[in-house]
Every structure is written in structure tokens, then in C-alpha cells.
Amino acid sequence: MPDVFVNYRTGDEESAATMIARELSRRFGSERIFFASNSIDAGRRFPVELVRAVEGCEALLAVIGPRWAEVPGADGRPALEAEHDWTRREIQTALDRGVLVIPVLVGKTTRIDRLVLPDDLLELADCQYRRFDHRNAESDLTALGDTLARLLPALGSADGDGHEATERAEAKSRERSARDTGHTRMRTRDVEQRVRGGIGNLNGDLSGTFVNEPQGPVNTGRGHQYNAPHFEGDNTGVQFTAGDNSGTVHQRFERERRRSDDGR
């Protein structure tokens, strides 16, 4: 039985579905990929083959382009509205079986509109999708194949591009690690810069305001604190510090202290 069923609507992006089926067949083997126009032999009863394939697959790719919900049926109404529509029945069968269903949004299709879905397909709008764009066909096909190889062990074992896929996965892991490390360094550097050059608040027992200078903060007692190498005052008042031990402020404090000592 095929592992992957490629579901598409005639009149909406058959070319994209064909490219997807061809690439997956090359990578994993044609016997593992079901694509109606290639997988059903002449003379076979296609209703029976379609049901058998979708009931036995491990994943269904629903290829959805801009006209997917608009293509008319025999009665002129959107084919999607008809219960016997095969595209609809295949997806419904897969959803009912709990099969992995991956919508593949083609071109300018940006989302699946729940308003156009019949009730039995509403779950399709909740399935995480992948994208395919003809302009990025090679990279999009590679990414889709990598996803299937990762999610389905049987496909991973049969992956003809297994070595390359492993290298791509490791490269992505390194990129994520480098990006996370870079973000951590930026956050750390930002905090350090704020601590060195910013103004902050000390709460709790060290209540008050400090002004941080390149020499580093000096915190003593309560009240407003201004950072510098030297300070005078007690632990309950307002402390003013400025200059170094040979500066004018320090000398003024020394003269006032000596006068006070001489007067006693």
C-alpha cells in the first residue's frame, strides 16, 4: 500500500500536484506515493482503487490552489458542495481514519476558508499546512519531502536523499542554536549597559535612588545615594560623594572636621 496519497482537484493546480507526486516518487519510490493518474493501471476500477489507497495510506497531501473551492461540477455548482465529489470524499475518509492530513497551499492561496468547507471537512482548516510556489519549487519540494521523512519512519528509511536531509536538519539546528545564543548575548549586553550607565531604584532595605557611574555603585544606608569613590555622612541622612581623595570636596570636609575638633 502507498504511504502518501496525493489529493488534488482537476481544474485547480494539477501541475503542482504532478510536480509534488513526481518528486516524492523519485525520493521515496513510486510504490510509496499514490497519484491517481499514475498509480491506477488501465482497466482498473478507479473508485475501488481510490478508496483502497486512501484507506491504506499513512498521510494525505491535499493540494489546494486558488480555485480549489470554486471549480464547478457537472451541475454548474462548486464541485466541493457535492457529497459524491471525489476530492472531498478522499479528504473526508482520511480525516475520519485519523490519518495525517497536510494541506499544501499553492501560489497565492494563503489560508483555507472555513466558510466554504462542508461540515465534514471543517477539520481540514485546523490542519497545519505547507506551502508550494512554482517560483520556489525546488526548495518547497525539498522541505515537503523532509517533513514527510521526519514524520513517517517508513519513508525516512526509504529516503533516497537521506544523507542530504540529515545534513539539512543538522544545519537548521546549528542555525537555531546560533540565533538563540546571539539573542542571549544581546540581552545580557543590554542588561550590562543599563547597569553601567543607567539610573535605577533600590528597594527593600536599600530604599532610595542611586546614580550609577563608571566607577561602580556605592550603596550605604538609606536615602539618596550618589555614586563616587569617597563619601561622608551617617547611615540615615543623605550622602553626597564627589571627586576622589584629593579633590576639593574631600578637603573641605576635612577642614570642617578639624575646626569642629579644635573647638571642643
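Residues numbered from 1 in each chain as written. Predicted model: local features only at pLDDT ≥ 70, side-chain atom pairs only at ≥ 80, totals over all residues. Heavy atoms only, no water.

Caption draft 1: Just the overall build of the protein chain, in detail. Within the protein chain, the secondary structure is distributed over eight helices and eight strands. A total of 264 residues make up the protein chain; the buried ones form 33% of that total. Element-wise, carbon and sulfur atoms account for 49% of the exposed surface of the protein chain, whose accessible area totals about 16,300 Å². (Helix = DSSP H or I, 4+ residues; strand = E, 2+ residues; numbered from the N terminus. Buried < 20%, exposed > 50% of the residue type's maximum accessible area, 1.4 Å probe, protein only. Areas by Shrake-Rupley, 256 points an atom, 1.4 Å probe, with all protein chains shown as cover.)

Caption draft 2: Looking closely at the packing of helix α3 (residues 46-56) against helix α4 (residues 86-97). Put simply, α3 and α4 touch, their axes get as near as 9 Å, and they point 30° apart. For the element pair α3 / α4, the angle class is roughly parallel. Between α3 and α4 the crossing geometry is right-handed. In this structure, α3 uses Phe46, Pro47, Leu50, Val51, Val54, Glu55 and Gly56 to contact α4, whose residues at the interface are Trp86, Glu90, Thr93, Ala94 and Arg97. When grouped by side-chain class, the residues that make up the contact of α3 with α4 number seven nonpolar, two polar and three charged. (Axes fitted to C-alpha atoms, helices over the stretch in contact; angles between N-to-C directions. Parallel < 35°, antiparallel > 145°, perpendicular 65-115°, else oblique. Left-handed = near helix turned anticlockwise from the far one by under 90°. Contact = heavy atoms within 4.5 Å. Nonpolar A, V, L, I, M, F, W, Y, C, P; charged D, E, K, R; others polar.)

Caption draft 3: Fine view of the environment of Ile64. Examined against the element boundaries, Ile64 turns out to sit in strand β3 (residues 59-64). Exposure remark for Ile64: the relative accessible area of 3% places this residue in the buried category. Along the primary structure Ile64 and Glu14 are separated by 50 residues, whereas in three dimensions their C-alpha atoms are 9.7 Å apart. Apart from residues no more than four positions distant in its own chain, Ile64 is found in contact with Asp12, Pro103, Val104, Leu105, Val106, Thr109, Ile112 and Leu124.

Caption draft 4: Layout of the packing of aromatic side chains. Going through the model one piece at a time under the given rule, you end up with three aromatic pairs. Over the ring of Trp68 we find Arg9; its NZ or CZ atom is 5.8 Å from the centre of that ring. Arg89 extends its terminal NZ or CZ atom over the ring of Trp86, reaching a point 4.0 Å from the ring centre. (Phe/Tyr/Trp six-rings, centres within 6.5 Å; stacked < 30°, edge-to-face > 60°. Lys NZ or Arg CZ within 6 Å of the ring centre and 35° of its normal.)

Caption draft 5: Region of interest: unusual backbone geometry. At Glu13, a residue that is not glycine, the phi angle is positive and equals roughly 60°. Relative to the elements of secondary structure, Glu13 occurs in the loop between β1 (4-7) and α1 (14-28).

Caption draft 6: Expanded view of the layout of surface pockets. Approximately 260 Å³ is the volume attributed to the second largest pocket. Along the wall of the second largest pocket there are 17 residues; nearest its centre are Tyr8, Thr10, Trp86, Thr87 and Glu90. Residue assignment for the lining of the second largest pocket shows that the elements contributing at least two residues are β1, α3 and α4. Residues that form the lining of the second largest pocket fall into these classes: eleven nonpolar, three polar and three charged. (1 Å grid on protein atoms, 1.4 Å probe; cavity = no way out; pocket = protein on both sides within 12 Å on 5 of 7 lines; lining within 4 Å. Points joined across faces, edges and corners; volume = space filled by probe spheres on them.)

Caption draft 7: Structural detail: the side chain of Thr87. Its place among the elements puts Thr87 in helix α4. Of the polar contacts made by the side chain of Thr87, one reaches the backbone oxygen of Tyr8; its length is 3.1 Å. (Polar contact = N/O pair within 3.5 Å; in protein donor to acceptor, adjacent residues only side chain to side chain.)

Caption draft 8: A look at the nonpolar core. Within the largest apolar cluster, 25 residues are counted, with the highest numbers of intra-cluster contacts made by Val4, Ile20, Leu24, Leu61, Val63, Phe132 and Leu148. Mapped onto this core, the elements with two or more residues apiece are β1, α1, β3, β4 (100-106) and α5 (137-151). Top contributing element to this core by residue count: α1, with six residues. Val54, Leu80, Ile91 and Leu105 belong to the second largest nonpolar core, which has 23 residues in total. (Core = buried A, V, L, I, M, F, W, Y, C linked by side-chain atoms within 4.5 Å.)

Caption draft 9: A look at the pattern of salt bridges. Applying the stated criterion to the full structure yields 13 salt bridges. When the shortest N-O distance is used, the salt bridge between Asp85 and Arg9 registers 2.7 Å. Of this pair, Asp85 sits in the loop between β3 and α4 while Arg9 sits in the loop between β1 and α1, and the two are 76 residues apart along the sequence. Assigned by exposure class, Asp85 and Arg9 land together as buried. (Salt bridge = Lys/Arg side-chain N within 4 Å of Asp/Glu carboxyl O.)

Caption draft 10: Looking closely at the sheet that holds β3. Pairing in this open sheet of five strands is parallel, and the strands run β2-β1-β3-β4-β5 from one edge to the other. The open sheet terminates on both sides in strands that have one partner only, identified here as β2 (33-34) and β5 (130-132). One ladder, built from four bridges, connects β1 with β3; its direction is parallel. The residue of β3 that forms the bridge with Phe5 is Leu60. The strands that α1 touches are β1, β2, β3, β4 and β5; relative to β3, the one it contacts most, it runs at about 150°. (Pairing = 2+ DSSP bridges.)

Caption draft 11: Spotlight on the environment of Arg77. The topology assignment puts Arg77 in the loop between β3 and α4. Relative accessible area serves as the criterion here: at 49%, Arg77 is assigned to the partly exposed category. Each residue touching Arg77, except ones within four places of it in the same chain, is listed here: Val71 and Pro72. A distance of 2.6 Å separates a polar atom in the side chain of Arg77 from a polar atom in the side chain of Glu81.

On their own, these measurements won't tell you what the molecule is for.
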